[in-house]
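Now for the letters of each chain:
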Amino acid sequence: MCVALPGIVESIEGNDAVVNFSGNKVRAALGFVEPKIGERVLVHAGYIMQIISESEADELQGLLSEIEELI
């Protein structure tokens, strides 16, 4: 199963961004997406896939937490 995770863009450095996933900071390639610092994004396999709203990020995080509890 492939899952894109929601995170918050903390900084942008060239063609990469530093994305914060609940305290874990990871570099992700911008690709075709041009997020701004503070925006919520979905990241999969080291690439930012899309910009999402805060409510979408919260909903997805809630679903991922539910899955984690079941495992």
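Worth saying up front: this structure is predicted, and the values here are computed from it rather than measured.

S.K.: Describe the nonpolar core, and please don't skip the residues or the numbers.
M.R.: Of all hydrophobic cores here, the largest spans ten residues; its members are Val9, Ala17, Val19, Phe21, Ala28, Leu30, Val33, Val41, Val43 and Ile48. Elements with a contribution of two residues or more to this core: strand 2 (16-21) and strand 4 (40-44). Tallying contributions element by element places strand 2 first for this core, with three residues. Among residues more than four places away in sequence, those in contact with Ile48 are Ala17, Val19, Ala28, Ala29, Leu30, Val33, Pro35, Val41, Leu42 and Val43.

S.K.: Please provide a residue-by-residue account of the pattern of salt bridges, values included.
M.R.: Taken as a whole and assessed by the stated rule, the structure comprises five salt bridges. Salt-bridge contacts for Arg40 lead to Glu54; the nearest nitrogen and oxygen are separated by 3.7 Å. Of this pair, Arg40 sits in strand 4 while Glu54 sits in helix 1 (residues 54-70); the two residues are 14 residues apart in sequence, bridging distant segments of the chain. Residue class for Arg40 comes out partly exposed when judged on its relative accessible area of 22%. Several salt bridges converge on common partners, so that one network encompasses Glu13, Asp16 and Arg27.

S.K.: Summarise the environment of Glu69; cite the residues concerned and give the values.
M.R.: Its location among the elements puts Glu69 in helix 1. Given a relative accessible area of 67%, Glu69 falls into the exposed group.

S.K.: Which residues make up the pairing of strand 2, and what are the values?
M.R.: Summarising burial for strand 2: five of the six residues are buried, a large majority. Where strand 1 (residues 5-13) and strand 2 come together, five bridges link them in antiparallel fashion. Bridging across to strand 2, Ile8 finds its partner in Asn20. The hairpin turn running from strand 1 into strand 2, its antiparallel successor, is two residues long, and Gly14 in that turn takes a positive phi close to 65 degrees. When strand 2 meets strand 3 (residues 24-29), the two strands line up antiparallel, connected through six bridges. From the neighbouring strand, Val19 faces strand 3, where its bridge partner is Val26. Between strand 2 and strand 3, which follow one another and run antiparallel, lie two residues, and Ser22 among them has a positive phi close to 50 degrees.

Rules and cut-offs
Residues numbered from 1 in each chain as written. Predicted model: local features only at pLDDT ≥ 70, side-chain atom pairs only at ≥ 80, totals over all residues. Heavy atoms only, no water. Core = buried A, V, L, I, M, F, W, Y, C linked by side-chain atoms within 4.5 Å. Buried < 20%, exposed > 50% of the residue type's maximum accessible area, 1.4 Å probe, protein only. Helix = DSSP H or I, 4+ residues; strand = E, 2+ residues; numbered from the N terminus. Contact = heavy atoms within 4.5 Å. Salt bridge = Lys/Arg side-chain N within 4 Å of Asp/Glu carboxyl O. Pairing = 2+ DSSP bridges.

No statement about biological role is implied by the geometric values presented.
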